[in-house]
There are 2 protein chains.
Amino acid sequence: MSVLIAGSIAIDTVKTPVAERLNQLGGSAAYASIASSFFAPTRVVSIIGHDFPKEHIAILTGRGIDIEGIEVSEGESFRWSGEYHEDLNMRTTHDVAVNVLEHFQPKLPAGYRDSQIVVLANMSPQNQMDALAQCDAPVYVIADTMDLWINLAREQLFELLTKVDMLVINDAEAKEFMRTNNLIVAGRQLRAHGPKHVVIKTGEHGALLFGADESEFFRCGAYPLHAVEDPTGAGDSFLGGLAGSLCALGKTEIAFGDLKNAIVHGTVMASYNCQSFSTDRLHSLTQGDIDARYSEFRKFTEF
Amino acid sequence: MSVLIAGSIAIDTVKTPVAERLNQLGGSAAYASIASSFFAPTRVVSIIGHDFPKEHIAILTGRGIDIEGIEVSEGESFRWSGEYHEDLNMRTTHDVAVNVLEHFQPKLPAGYRDSQIVVLANMSPQNQMDALAQCDAPVYVIADTMDLWINLAREQLFELLTKVDMLVINDAEAKEFMRTNNLIVAGRQLRAHGPKHVVIKTGEHGALLFGADESEFFRCGAYPLHAVEDPTGAGDSFLGGLAGSLCALGKTEIAFGDLKNAIVHGTVMASYNCQSFSTDRLHSLTQGDIDARYSEFRKFTEF
């Protein structure tokens with residue numbers, strides 16, 4: 001079984017209270033595919049410009065990721081630059097150059113159509129639906145989104161919700177989208193709009209999983225990090241770890257308990273991601289690193 | 001074994017987005033002692049004025065709480081009034097009448113001195129130390145505090161930390177006290193100031209427990225409430241549930257695992273407390289209610 005990740009690939013410039021790094025590998029599909037690749041064969045659908053650094057692509061191929069679905073355009077690559085404040089939950093975006101993403105139309109190579117776990121990482125809801133429409137019969141479809149689309153493409157986002165098995169969204173966005181201050185209400189209302197499962201990411205606090213009814217609920221804490229170097233891509237790494245570990249089960253029916261384990265794996269990948277700029281820590285992990293932190297998670301939550 | 005709770009007893013007026021209630025039972029010792037009383041014999045040290053409503057005291061005695069240590073003064077009772085906003089994490093204090101608390105000097109009845117679990121609920125650090133000094137040989141001492149004392153009595157708070165086994169504090173206060181934006185750093189630094197254990201309450205996200213080193217860590221999620229009627233006293237109910245359930249173990253040495261279970265019990269009591277104004281839901285609980293929610297907690301966090 002394989003994971004398909006559709007999303008953006010970017011050139012990022014990131015400043016944090018400790019350092020600034022220019023022209024790094026970024027984008028939702030980059031983080032998600034690297035995280036997924038530790039668990040299952042992973043394929044990427046995205047677009048880059050003629051100027052995209054070869055060494056960034058080498059990071060993906062070095063992880064064995066199938067990049068046939070990454071279109072190389074004549075245009076300039078998508079670029080993002082931003083800055084994190086002393087409170088790392090506060091971020092200012094300095095510049096976004098959409099470039100090749102503006103007219104992007106996801107095209108799945110023929111060999112990608114049979115992907116069982118499909119991840120619609122953060123990009124426009126229309127791009128997400130276009131990518132999904134090219135899949136034959138996925139076992140489980142997961143979509144992420146962000147505040148930009150809640151504001152710009154609310155109706156398309158509601159349409160997307162009727163087509164996916166799981167929505168992954170952060171806490172502030174879930175409240176804004178559902179117009180409530182209560183995360184539990186937001187999670188249940190989002191689920192009522194279509195997806196079987198909803199995950200609300202709560203940053204340093206972890207993630208909440210909502211299922212069929214009030215008894216299907218799971219809360220996963222975040223790993224206790226005393227130092228965060230760069231939180232960029234944490235949500236995407238979470239998504240990739242979740243999808244990859246779900247795929248590794250090789251199931252054609254996903255149970256609620258399977259999702260719990262997948263979310264813990266996602267949280268492990270997100271925590272490692274925060275410990276370096278770009279994908280530096282993430283792409284250099286070993287299976288032993290992942291297993292060790294997964295075991296710690298169990299110890300930190302069992303009573 | 002018995003729990004001693006030293007703290008304030010108040011007449012509260014609380015407004016939330018759904019209703020306003022006048023002249024209710026409030027104060028840290030009221031909430032904490034009621035929560036504790038479901039698990040262990042509980043004694044209270046506090047002060048009230050001549051005007052304190054008899055029916056409020058009847059709630060305490062109705063729960064079998066020993067009120068010999070509640071001094072009845074000639075003065076007026078301590079009063080607090082405040083308002084919660086649509087986002088219930090935001091609270092505005094409208095009025096505080098310190099009254100009898102101003103010159104309060106906690107006095108333990110002779111029969112209280114052998115208390116094994118001592119809770120120094122929220123009041124001035126000096127009052128907390130004065131109450132503790134009258135105890136013979138407590139097994140475990142827990143102190144709570146608030147931003148007021150971090151600002152007004154920082155040095156006394158540091159002195160208090162050297163005398164207690166556990167500090168319980170909320171997330172914003174922990175960051176402010178330790179001057180950091182990272183909760184994990186705050187927890188470890190607070191521990192380094194004296195207490196063997198530190199609990200940081202994270203509101204709707206639950207609580208974090210820090211122990212001797214990085215391997216002694218526990219994260220307890222909050223119970224998923226889709227409606228919160230009045231969060232006043234949630235932290236105090238947590239404290240009381242924690243102390244009472246710890247006392248019920250009857251141990252003279254407290255292990256880290258004992259604290260985990262106690263924290264889950266505290267979280268159960270805090271969640272029920274949020275479902276009504278004042279102590280209405282809390283004081284009318286049954287053992288079955290408590291056991292049921294404790295079991296749900298396990299299911300919601302196990303993977």
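Cut-offs applied
Residues numbered from 1 in each chain as written. Chains lettered and ligands numbered in written order. Predicted model: local features only at pLDDT ≥ 70, side-chain atom pairs only at ≥ 80, totals over all residues. Helix = DSSP H or I, 4+ residues; strand = E, 2+ residues; numbered from the N terminus. Rg over C-alpha atoms; globule rule 2.2 N^0.38 Å. Buried ≥ 20, exposed ≤ 12 C-beta atoms within 10 Å, placed from the backbone. Contact = placed C-beta atoms within 7 Å. Nonpolar A, V, L, I, M, F, W, Y, C, P; charged D, E, K, R; others polar. Least-squares fit on C-alpha atoms with pLDDT ≥ 70 in both. Pairing = 2+ DSSP bridges. pLDDT = per-residue confidence, 0-100. Axes fitted to C-alpha atoms, helices over the stretch in contact; angles between N-to-C directions. Left-handed = near helix turned anticlockwise from the far one by under 90°. Core = buried A, V, L, I, M, F, W, Y, C linked by C-beta atoms within 7 Å. Parallel < 35°, antiparallel > 145°, perpendicular 65-115°, else oblique.

1. Comments concerning the overall build of chain A
- Scanning chain A for helices and strands turns up 10 helices and 13 strands.
- Radius of gyration (C-alpha) of chain A: 18 Å, near the 19 Å computed for a compact globule of 303 residues.
- Taken along its principal axes, the extent of the C-alpha atoms in chain A is 50 × 45 × 40 Å.
- Evaluated residue by residue, chain A yields a buried proportion of 52% over its 303 residues.
- Partitioning the intrachain contacts of chain A with sequence separation of at least 6 by distance along the chain shows that 66% fall at a separation of at least 24.

2. Quick look at the interface of chain B and chain A
- Each side of the interface is counted separately: chain B has 25 residues, and chain A has 25 residues.
- Of all the elements in the fold, those that place two or more residues in the side of chain B that touches chain A are α7 (183–192), β13 (217–220), α9 (256–273) and α10 (287–301) of chain B.
- Broken down by element, the residue count for the side of chain B that touches chain A peaks at four residues, all from α7 of chain B.
- Classifying every residue of the side of chain B that touches chain A gives 11 nonpolar, eight polar and six charged.

3. What about the relation of the copies chain B and chain A?
- Rotating chain B by 180° about the axis while translating it 0.0 Å along that axis superimposes it on chain A, leaving an RMSD of 0.0 Å. Taken together, the rotation angle and the small translation identify this as a two-fold axis.
- By residue overlap, the copies meet face to face through one surface: 100% of the interface positions of chain B are interface positions in chain A.

4. Here we look at the environment of F104 of chain B
Residues and elements named next belong to chain B.
- With respect to the secondary-structure elements, F104 resides in the loop between β7 (91–97) and β8 (117–120).
- Judged by the 22 C-beta atoms lying within 10 Å of it, F104 is buried.
- Between the C-alpha atom of F104 and that of T202, which follows or precedes it by 98 residues, the distance is 30 Å.
- Discounting residues that sit within four places of it in the chain, F104 has contacts with I47 and N127.

5. Describing the environment of R21 of chain A
Residues and elements named next belong to chain A.
- With respect to the helices, strands and loops of the structure, R21 is situated in strand β3 (residues 20–26).
- By C-beta crowding, R21 is classed as partly exposed, having 17 other C-beta atoms within 10 Å.
- Remark: the alpha-carbon pair of R21 and S81, spanning 60 residues in sequence, is separated by 9.8 Å.
- Contact partners of R21, with chain neighbours within four places excluded, come to V14, F277 and S278.

6. Let's talk about the pairing of strand β12 (residues 207–210) of chain A
All names here are of chain A.
- Side-chain alternation along β12 places A207 and L209 on one buried face and L208 and F210 on a second face that is also buried.
- Bridge count between strand β11 (residues 197–201) and β12: four bridges; the pairing is antiparallel. Looking across to β12, one finds that V198 is bridged to F210.
- Between β11 and β12, which pair antiparallel one after the other, the connecting turn spans five residues, and G203 there sits at a positive phi close to 60°.
- For β12 and strand β13 (residues 217–220), the ladder comprises four bridges, and the chain directions are antiparallel. Among the inter-strand pairings, L208 is bridged to a residue of β13, identified as R219.

7. What about the confidence of the model for chain A?
- On average, residues of chain A carry a pLDDT of 97, and 100% of them reach 70 or more.
- The complex model carries a pTM of 0.94, and its ipTM stands at 0.91.

8. What about the packing of helix α9 (residues 256–273) of chain A against helix α10 (residues 287–301) of chain A?
All names here are of chain A.
- At a minimum axis distance of 10 Å, the contact between α9 and α10 shows a crossing angle of 115°. You can see that α9 and α10 cross each other, and the crossing is right-handed. Where α9 approaches α10, its residues V264, H265, V268, S271 and Y272 are matched on the opposing element by D289, I290, R293, Y294 and F297.

9. Some thoughts on the nonpolar core
- In this structure, V119, L120 and I142 of chain A together with V119, L120 and I142 of chain B are the most contacted members of the largest nonpolar core, which totals 182 residues.
- For V119 of chain A, the residues in contact, after removing those within four places along its chain, are V3, L4, I5, A6, A32, I142, L239 and A243 of chain A.

10. Regarding the sheet that holds β13 of chain B
All names here are of chain B.
- An order of β5-β4-β1-β8-β9-β10-β11-β12-β13 is seen for the nine strands of this open sheet, with the pairing classed as mixed. Among the strands making up the open sheet, the edge pair consists of β5 (66–72) and β13. Each neighbouring strand pair of the sheet contributes to a mean axis angle of 15°, computed without reference to strand direction.
- Alignment of β8 against strand β9 (residues 140–144), held across four bridges, turns out to be parallel. Each residue of the ladder has a partner; that of V118, found in β9, is V141.

11. Notes on the environment of V264 of chain A
- Inspection of the secondary structure puts V264 of chain A in helix α9.
- Overall, the presence of 24 C-beta atoms within 10 Å leaves V264 of chain A in the buried class.
- Separated by 213 residues in the primary sequence, V264 of chain A and D51 of chain A place their C-alpha atoms 37 Å from one another.
- Once residues within four sequence positions are removed from consideration, V264 of chain A is found in contact with C220, Y294 and F297 of chain A together with F303 of chain B.

12. Describing the pairing of strand β6 (residues 78–84) of chain A
All names here are of chain A.
- Of the pairings in the sheet, the one linking strand β2 (residues 10–15) to β6 comprises six bridges and is parallel in character. By the bridge assignment, T13 is partnered in β6 with S81.
- Where β6 folds back on strand β7 (residues 91–97), the antiparallel hairpin that results is connected by six residues.

13. Topic: the packing of helix α3 (residues 125–133) of chain A against helix α5 (residues 154–161) of chain A
All names here are of chain A.
- Running from N to C, α3 and α5 point in directions that differ by 30°, and their axes come no closer than 9 Å. The orientation of α3 with respect to α5, classified from their angle, is roughly parallel. Seen from above, α3 lies across α5 with left-handed handedness. Counting all contacts with α3, which are made through P125, Q126, Q128 and M129, the residues of α5 involved are Q156, L157, E159 and L160.
- For the contact of α3 with α5, the residue count by class is four nonpolar, three polar and one charged.

14. Concerning helix α1 (residues 28–37) of chain B
- Among the 10 residues that make up α1 of chain B, 10 are buried, leaving the element largely enclosed by the rest of the structure.
- Every buried residue belonging to α1 of chain B is among S28, A29, A30, Y31, A32, S33, I34, A35, S36 and S37 of chain B, and all of these are buried.

15. A look at the sheet that holds strand β3 (residues 20–26) of chain B
Residues and elements named next belong to chain B.
- Ordered by their spatial adjacency, four strands build an open sheet running β3-β2-β6-β7, and the pairing between neighbours is mixed. Of all strands in the sheet, those with a lone pairing partner are β3 and β7, marking the two edges. Between one strand and the next, the sheet's axes are offset by a mean angle of 20°, whatever the strand orientation.
- As paired strands, strand β2 (residues 10–15) and strand β6 (residues 79–84) are joined by five bridges and run parallel to one another. Residue pairing for β6: D12 is matched across the bridge by W80.

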